[in-house]
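Architecture and fold: a report
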Amino acid sequence: MNKSIFITGANAGIGKDVARQLALLDTTEKIYMGCRNMRKAETAKKELESITGKDIFEIVQIDVSDLSSVRAAVKSLKEPFDALVMNAGGTGGKNFNEVNHNGVMQQFSVNVLGHVVLAEELIKAGKLKKVALYAGSEAARGVKSFGMKRPSFKSHSVEEFSSVVDGSFFGKNKDEMVPYGPVKYLAALWMASLSREYPEIRFITMSPGGTTGTEVANTLSPIKKTMMTGMMKMMEVFGRVHKLEVGARRFVDGINDPTLESGVFYASKSGITGQIVDQGTLFNDFHNVVYQNNARESIHRFIN
Ligand SMILES: NC(=O)c1ccc[n+]([C@@H]2O[C@H](COP(=O)([O-])OP(=O)(O)OC[C@H]3O[C@@H](n4cnc5c(N)ncnc54)[C@H](OP(=O)(O)O)[C@@H]3O)[C@@H](O)[C@H]2O)c1
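Report follows, based on the coordinates. (Residues numbered from 1 in each chain as written. Predicted model: local features only at pLDDT ≥ 70, side-chain atom pairs only at ≥ 80, totals over all residues. Heavy atoms only, no water.)

Structural notes on the overall build of the chain
Counting its regular elements, the chain contains nine helices and eight strands. Its C-alpha atoms give the chain a radius of gyration of 18 Å, within 12% of the compact-globule value 19 Å for 304 residues. Going through the 304 residues of the chain one by one, you find that 57% of them count as buried. Taking as baseline every contact in the chain between residues at least 6 positions apart, the subset at least 24 positions apart corresponds to 75%. Surface exposure of the chain reaches about 13,400 Å², of which carbon and sulfur atoms provide 53%. Both charge centroids of the chain, one from 38 positive and one from 32 negative side chains, sit 4 Å from each other. (Helix = DSSP H or I, 4+ residues; strand = E, 2+ residues; numbered from the N terminus. Rg over C-alpha atoms; globule rule 2.2 N^0.38 Å. Buried < 20%, exposed > 50% of the residue type's maximum accessible area, 1.4 Å probe, protein only. Contact = heavy atoms within 4.5 Å. Areas by Shrake-Rupley, 256 points an atom, 1.4 Å probe, with all protein chains shown as cover. Lys, Arg positive; Asp, Glu negative; His and termini not counted. Charge placed at Lys NZ, Arg CZ, Asp CG, Glu CD.)

Overview of the pairing of strand β3 (residues 57-61)
Taken together, the five bridges between strand β2 (residues 30-35) and β3 define a ladder with parallel strand orientation. Bridge assignment links C35 to a residue of β3, and that residue is Q61. A crossover links β2 with its parallel partner β3, the connecting element being helix α2 (residues 38-52), and its sense is right-handed. (Pairing = 2+ DSSP bridges. Right-handed = clockwise from strand over helix to strand, strands pointing away.)

Looking at the nonpolar core
One recurring pattern in soluble globular proteins: nonpolar side chains tend to sit buried together. Within the largest apolar cluster, 54 residues are counted, with the highest numbers of intra-cluster contacts made by F6, L84, F108, Y185 and W190. Sorting the residues of this core by element identifies α3 (67-76), β4 (81-86), α4 (106-124), β5 (128-135), α5 (158-165), α6 (177-197), β7 (265-270) and α9 (289-300) as the ones contributing at least two each. If we ignore the near neighbours within four places in the chain, the residues touching L84 are F6, L118, A119, L122, L128, V131, A132 and L133. In terms of nonpolar packing, the next biggest core, distinct from the first, is built from 32 residues, I5, A19, A23 and C35 among them. (Core = buried A, V, L, I, M, F, W, Y, C linked by side-chain atoms within 4.5 Å.)

A closer look at the packing of α4 against α6
To describe two helices that pack against each other, one gives the angle between their axes and the distance between the axes. Between α4 and α6, the shortest axis-to-axis distance is 9 Å and the interhelical angle comes to 10°. By the angle class used here, α4 and α6 are roughly parallel. Touching Q107, F108, N111, V112, H115, V116, A119 and E120 of α4 are P179, Y180, V183, K184, L186, A187, W190 and L194, all from α6. By residue class, the composition of the contact of α4 with α6 is eleven nonpolar, three polar and two charged. (Axes fitted to C-alpha atoms, helices over the stretch in contact; angles between N-to-C directions. Parallel < 35°, antiparallel > 145°, perpendicular 65-115°, else oblique. Nonpolar A, V, L, I, M, F, W, Y, C, P; charged D, E, K, R; others polar.)

A look at the environment of V116
By secondary structure assignment, the location of V116 is in helix α4. Separated by 78 residues in the primary sequence, V116 and L194 have C-alpha atoms spaced 10.0 Å apart. Those residues in contact with V116 that lie beyond four places of it in its chain are W190, I299, H300 and I303.

Re the site of the ligand
Around the ligand there are 29 residues in total, and I14, R36, Y180, T214 and E215 lie nearest to it. In this structure, G209 approaches the ligand through a main-chain N or O atom, which is 3.4 Å from an oxygen atom. Look at the ligand: alone it shows 910 Å² of surface, and the protein chains cover 92% of it. Of all elements in the fold, only α1 (13-23), α4 and α6 reach the threshold of two or more residues within the shell around the ligand. For the shell around the ligand, the residue count by class is ten nonpolar, 14 polar and five charged. (Near = heavy atom within 4 Å. Polar contact = N/O pair within 3.5 Å; in protein donor to acceptor, adjacent residues only side chain to side chain.)

Some thoughts on the layout of surface pockets
Reported here for the second largest pocket is a volume of approximately 170 Å³. Every residue lining the second largest pocket is counted, 13 residues in all, and those nearest its centre are T212, G213, T214, T229 and M232. Class assignment of the residues belonging to the lining of the second largest pocket gives a composition of four nonpolar, six polar and three charged. (1 Å grid on protein atoms, 1.4 Å probe; cavity = no way out; pocket = protein on both sides within 12 Å on 5 of 7 lines; lining within 4 Å. Points joined across faces, edges and corners; volume = space filled by probe spheres on them.)

Considering the side chain of T211
Structurally, T211 is set in the loop between β6 (202-206) and α7 (222-237). There is a polar contact of 3.3 Å between the side chain of T211 and the backbone oxygen of P208. Among the polar contacts listed, one links the side chain of T211 to the backbone oxygen of G209, at a separation of 2.8 Å. Sequence-distant contacts of T211, defined by excluding residues within four places in its chain, comprise I14, M232, H242, K243, L244 and G247.

Some thoughts on the pairing of β5
A large share of β5 lies buried, amounting to six of its eight residues. Sheet analysis places β4 next to β5, joined by five bridges and oriented parallel. From the neighbouring strand, A83 faces β5, where its bridge partner is V131. Viewed along the sheet, the connection from β4 through α4 into β5 turns out right-handed.

Overview of α3
Of all the positions in α3, only L67, S69, V70, A73 and V74 are classed as buried. Viewed along the axis of α3, the buried residues span an arc of 160°, placing them on a single side of the element. For α3, the exposed residues set more than 90 degrees away from the buried face come down to S68 and K75. The inward-facing, buried residues of α3 contact β3 and α4. (Arc of directions from axis to C-beta.)

Pasting the structure below:
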């Protein structure tokens, strides 16, 4: 079991409930709450202390879309810890398709780039001991029944994957859900490539599945927010998505269950809820070592 865990985006939604569930385990001694907004982080910390009766939470300021903030967070951690949960992310806000000073599309930056620097620099500094979990999504393999297309590439080359990182792959697209699948696809491939380089650490990509009760729709336009929230509520009634604690439980199991294999991307077998399976058995891109290496190299082109 993991005694000390660092969770990004721990002040809301799934990340906060992962912190709550882990704190209730007798084996957990320390939870680092990686948050960008100190006011929200303090409020969440007080709530978690009150709900769990545990005084084991420590806030670490980190904005995963800002590499200098990520590096400062790595430096600030004095003790090595057992598990890293890379949960911060989502659709990337109103300016999801803007390109930042790293030349990276905002949605990619929030979901992936900062986490790549975080995980790799923690490992190099000897600060991550056992397991890293990345918050994947079924969108990475496409879900026809939810209108999510399977990511499709011509060459799977470093060049082509780089165009996902900088957003040019998507042209003048204005829909934040179009890049979301390919962004999470590249992240799952990157995690698999790390598992081969660092066999002493377990790398698990895990989708929480369709999870209600989070703040993920808050950055959408009012119309889209109303539509998405309404759709999720209806889906919950029909058992096609699940509650917050079920989505968060997938991450808790992801870091604690030793039978889950390093390098594998786990998500729903069908739709976005229910049993989880290795997504490579549904979409064999995730097992392709060349694609994994190309994904990693394409991301590294943007890190300096
Ligand atoms: N909910 C679902 O159905 C679902 C399905 C598949 C995958 N996922 C993935 O699961 C993860 C959590 O989603 P959620 O539904 O719990 O979303 P959420 O309720 O919106 O929570 C996202 C968390 O990430 C933080 N965050 C966002 N940008 C950040 C940044 N630049 N630096 C640091 N923290 C940042 C947010 O902090 P602030 O409060 O400061 O914004 C918040 O704490 C995401 O990666 C999402 O893509 C969710």
